[in-house]
Amino acid sequence: EAGVTQSPTHLIKTRGQQATLRCSPISGHTSVYWYQQALGLGLQFLLWYDEGEERNRGNFPPRFSGRQFPNYSSELNVNALELEDSALYLCASSLGTVYINYGYTFGSGTRLTVV
Amino acid sequence: AQTVTQSQPEMSVQEAETVTLSCTYDTSENNYYLFWYKQPPSRQMILVIRQEAYKQQNATENRFSVNFQKAAKSFSLKISDSQLGDTAMYFCAFQNSGGYQKVTFGTGTKLQVIP
């Protein structure tokens, strides 16, 4: 069974540009989560999609957005990139329902570098 | 807002010895989930162990066990018979039960197993 897959592995963008990151969950998982892992800051929750809907959002500006497609894959878009957006972006999916969390399965991440 | 605190940024342990990683959290809820995740260098983050707050019995997974003290809001991870492959960042995480509650991660503890 394929795990959570993320693409691209690395992405280099110029300040002010837009970045698009992609994630495919494990087959059967309907929820997709996005986290930002910047150096020294641990994992910061970005977005949660379930059944095509945004269910929860972290404390990030509106230029961080995304969507979930009918096949449950997801896309994270970051507009007007800033230098501090440089980080590892992790996607995860979960077998759990809304009310029971069995734990996340993470992808390998996309390393975004803004220059 | 829920917070997760890992007060040990770095730790080291001799191979085959036992080490305990600390985690405290803050919540006013009674039902929630706690997790420990492991992130080896340049590798994927994986779930190590999961605890449901309403279960008084401490969770165990092979060499990994937790000491869950609900009243003290403490959730420490004990690794027995440490192996070189245990070298990684370890993240403690918390989630309230109920609909669409985000998972909050601590800042991590970097564990080095010394041969």
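First, a word on what this report is: a plain description of the structure on this page.

Rules of the game
Residues numbered from 1 in each chain as written. Chains lettered and ligands numbered in written order. Predicted model: local features only at pLDDT ≥ 70, side-chain atom pairs only at ≥ 80, totals over all residues. Heavy atoms only, no water. Helix = DSSP H or I, 4+ residues; strand = E, 2+ residues; numbered from the N terminus. Buried < 20%, exposed > 50% of the residue type's maximum accessible area, 1.4 Å probe, protein only. Contact = heavy atoms within 4.5 Å. Buried area = accessible area lost by both parts, 1.4 Å probe. Salt bridge = Lys/Arg side-chain N within 4 Å of Asp/Glu carboxyl O. Polar contact = N/O pair within 3.5 Å; in protein donor to acceptor, adjacent residues only side chain to side chain. Nonpolar A, V, L, I, M, F, W, Y, C, P; charged D, E, K, R; others polar.

Topic: unusual backbone geometry
A cis amide bond links A:Ser7 with the next residue in sequence, A:Pro8, at an omega value of -10 degrees. Mapping A:Pro8 onto the fold places it in the loop between strand E1 (5-7) and strand E2 (10-13). We note that A:Ala80 has phi near 45 degrees; this positive angle belongs to a residue other than glycine. Relative to the assigned elements, A:Ala80 resides in the loop between strand E8 (74-78) and strand E9 (87-94). By relative accessible area, which is 41% here, A:Ala80 ends up partly exposed. Positive phi, normally seen in glycine, also occurs at B:Asp81, with a value near 50 degrees. Within the secondary structure layout, B:Asp81 lies in the loop between strand E9 (74-79) and strand E10 (88-96).

Points about the interface of chain B and chain A
The parts lose accessible area when they come together, and the size of an interface is often stated as this lost area. Residue-level contacts link 19 residues of chain B with 22 residues of chain A. Across the chain B/chain A interface, buried area totals approximately 1900 Å², and carbon plus sulfur atoms make up 55% of it. Ranking the residues of chain B by area buried against chain A places B:Gln44, B:Tyr100 and B:Lys102 at the top, with a combined share of 35%. Where chain B packs against chain A, one counts 0 salt bridges. There are 7 residue pairs in polar contact (both at pLDDT 80 or more) connecting chain B and chain A. Put simply, the parts of the chain that give the side of chain B that touches chain A at least two residues each are strand E5 (32-39), strand E6 (46-52) and E10 of chain B. Grouping the amino acids of the side of chain B that touches chain A by side-chain chemistry returns 9 nonpolar, 8 polar and 2 charged.

Everything listed is a geometric property; what it means functionally is a separate question.
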